[in-house]
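# Commentary on secondary and tertiary structure
Here is what each chain is made of, one letter per residue.
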Protein chains: 2
Amino acid sequence: MKPMTIGRLSSAAKVKVTTIRYYESIGLMGTPDRSASGQRLYGSVDVERLSFVRHARELGFSMDAIKDLIGLQTEPDQDCSAVDTIAQKQLAEVQKRLAQLEALERELKRMIENCRGGKVGGCQVMAAINDHSECETDKHERLKPL
Amino acid sequence: MKPMTIGRLSSAAKVKVTTIRYYESIGLMGTPDRSASGQRLYGSVDVERLSFVRHARELGFSMDAIKDLIGLQTEPDQDCSAVDTIAQKQLAEVQKRLAQLEALERELKRMIENCRGGKVGGCQVMAAINDHSECETDKHERLKPL
DNA sequence: ATACAGTCTACAGCGACTGTAGGGGCAAGT
DNA sequence: ACTTGCCCCTACAGTCGCTGTAGACTGTAT
């Protein structure tokens, strides 16, 4: 099979061209061969690796975690527990975030429920944001952006 | 009541000193009075405003949305529906994110479930990340970081 | 031959902060 | 009066995971 340019790799792995170059710059993709004129050339191995990265990103793994996973992938005789640990950690984070967002959803619903129209001066949504005395989310650490 | 320094405001509103200065720089907090030696001086109004911002951030509102809310707050005679709209939009985002995270949780659980130990070479977690053919999360847009 | 899409490098920008460097200010204790 | 030690100041760089821009070159189709 003959090599493909970065654009082909991009559409094969569904990762943008600029992102691929970025991944290369942070050492996630290794330095590819180049054509005589300097264009990057990739093979099917790269499609798989890049797809792996994309899917791991979709699962919310950090770049660091992905680097670790790739490192482990290249040593197939090693014990599987390291992989499991990373995945467990990721699940724990997801579940923590879920709990936060559920609390958020409840509070937003409550706020909106209480808003029966009228003027901003008496708006219950504004009041609810102001009054955080009995607020669930205060107990949590600061939330990451949505 | 006499004015307080930025540190007092920080602990009163539970927002870090550096973050307060950042909020000032992006026009969220207005320019405070200064002491003779140039230190920022705040009053209780600022505690309330800053607490409002903090709580809105905890609810996941973007800075832009918060700016809008503050703008509306200063016009108490306006119709409340603008506030309601912002809150509704926020709720919709939270619910979308919740759905994504729930899909993620299912997939991570499935991956970990299938991992019965052994070597990385046969690890089902790695296989699951590689094989995204039947994967739920592929249907979603790319996820924001956790 | 020309047009146009694709590729290259290098660097700036996003959001919402956080951290650092290098200084000046202020109240309490000795 | 002096020192200790925390608080405050500005200005700028760094974080994460990219995205966008500028300006030049390459490859392909008509």
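Residues numbered from 1 in each chain as written. Chains lettered and ligands numbered in written order. Predicted model: local features only at pLDDT ≥ 70, side-chain atom pairs only at ≥ 80, totals over all residues. Heavy atoms only, no water.

### Quick word on the overall build of chain A
- For chain A, the count of helices and strands is six helices and two strands.
- Per-residue burial for chain A yields a buried fraction of 45% across its 146 residues.
- Sequence-distant contacts, at least 24 apart, represent 51% of the contacts inside chain A between residues at least 6 apart.
- When the accessible surface of chain A is summed, it comes to about 7,900 Å², and 50% of that surface belongs to carbon and sulfur atoms. (Helix = DSSP H or I, 4+ residues; strand = E, 2+ residues; numbered from the N terminus. Buried < 20%, exposed > 50% of the residue type's maximum accessible area, 1.4 Å probe, protein only. Contact = heavy atoms within 4.5 Å. Areas by Shrake-Rupley, 256 points an atom, 1.4 Å probe, with all protein chains shown as cover.)

### A few points about the pattern of salt bridges
Residue and element names in this part refer to chain B.
- Evaluation of the coordinates by the stated rule reveals six salt bridges over all chains.
- One salt bridge in this structure joins Arg40 and Glu24, with 2.7 Å as the shortest N-O distance. Of the two residues, Arg40 sits in strand S2 (residues 40-41) while Glu24 sits in helix H2 (residues 17-25), which places them 16 residues apart along the sequence. The residues Arg40 and Glu24 share a single accessibility class, namely buried.
- Here Glu105 and Lys109 are joined by a salt bridge, their closest N and O atoms 3.5 Å apart. Here Glu105 pairs with Lys109, and both are found in helix H5 (residues 81-114), just four residues apart, close to one helical turn.
- With a relative accessible area of 17%, Glu105 lands in the buried category.
- Lys109 gets classed as partly exposed once you look at its relative accessible area, which sits at 42%. (Salt bridge = Lys/Arg side-chain N within 4 Å of Asp/Glu carboxyl O.)

### Considering the protein's contact with DNA strand C
- DNA strand C sits among 18 residues. The nearest are A:Thr5, A:Gly7, A:Arg21, A:Arg40 and B:Thr19.
- Counting only the atoms of DNA strand C within 4 Å of the protein, the fraction contributed by sugar and phosphate is 87%.
- A:Arg34 is positioned with one of its side-chain polar atoms (N or O) 3.1 Å from a phosphate oxygen of DNA strand C.
- Here a phosphate oxygen of DNA strand C sits 3.0 Å away from a polar atom, N or O, in the side chain of B:Arg57.
- For the surface near DNA strand C, the secondary-structure elements that each account for two or more residues are helix H1 (6-13) of chain A together with H2 of chain B.
- It is H2(B) that contributes the most residues to the surface near DNA strand C, three residues altogether.
- Classifying every residue of the surface near DNA strand C by side-chain character gives four nonpolar, eight polar and six charged. (Near = heavy atom within 4 Å. Polar contact = N/O pair within 3.5 Å; in protein donor to acceptor, adjacent residues only side chain to side chain. Nonpolar A, V, L, I, M, F, W, Y, C, P; charged D, E, K, R; others polar.)

### Details of the protein's contact with DNA strand D
- With respect to spatial proximity, 18 residues lie near DNA strand D, and among them A:Thr19, A:Ser37, B:Thr5, B:Gly7 and B:Arg21 are the closest.
- By atom count, sugar and phosphate contribute 89% of the portion of DNA strand D lying within 4 Å of the protein.
- Between B:Thr5 and DNA strand D, the recorded distance is 2.6 Å, taken from a side-chain N or O atom to a phosphate oxygen.
- If one sorts the elements of the surface near DNA strand D by residue count, helix H2 (residues 17-25) of chain A sits on top with three residues.
- Grouping the amino acids of the surface near DNA strand D by side-chain chemistry returns four nonpolar, eight polar and six charged.

### As for the nonpolar core
- A:Phe61, A:Ile129, B:Phe61 and B:Ile129 are the most contacted members of the largest nonpolar core, which has 82 residues in total.
- For A:Phe61, the contacting residues outside a window of four places in its chain are A:Ala56, A:Ile66, A:Leu69, A:Ile86, A:Ala87, A:Gln90, B:Leu108 and B:Ile129. (Core = buried A, V, L, I, M, F, W, Y, C linked by side-chain atoms within 4.5 Å.)

### Looking at the UniProt feature "coiled-coil region" (unreviewed entry) in chain A
- The residues that UniProt annotates with the feature "coiled-coil region" (unreviewed entry) are residues 84-114 of chain A.
- Summarising residues 84-114 of chain A: 100% helix, 0% strand, and an end-to-end C-alpha distance of 45 Å. (UniProt positions renumbered as here; feature names shortened; annotations may be inferred.)

### Considering the packing of aromatic side chains
Residue and element names in this part refer to chain A.
- With the rule as written, the count across this model stands at two aromatic pairs over all chains.
- Where Tyr22 meets Tyr23, the ring centres are 6.0 Å apart and the plane angle is 45°; that geometry is what we call tilted.
- Among the residues examined, Tyr22 registers a relative accessible area of 44% and is labelled partly exposed.
- The buried category is assigned to Tyr23, whose relative accessible area is 9%. (Phe/Tyr/Trp six-rings, centres within 6.5 Å; stacked < 30°, edge-to-face > 60°.)

### Some remarks on the packing of H1(A) against helix H3 (residues 44-58) of chain A
All names here are of chain A.
- Their axes nearest at 9 Å, the elements H1 and H3 cross at an angle of 50°. Relative to H3, the element H1 is oriented oblique. For the element pair H1 and H3, the recorded crossing hand is right-handed. In this structure, H1 uses Leu9, Ala12 and Ala13 to contact H3, whose residues at the interface are Asp46, Val47, Leu50, Ser51 and Arg54.
- Among the residues forming the contact of H1 with H3, the class breakdown is five nonpolar, one polar and two charged. (Axes fitted to C-alpha atoms, helices over the stretch in contact; angles between N-to-C directions. Parallel < 35°, antiparallel > 145°, perpendicular 65-115°, else oblique. Left-handed = near helix turned anticlockwise from the far one by under 90°.)

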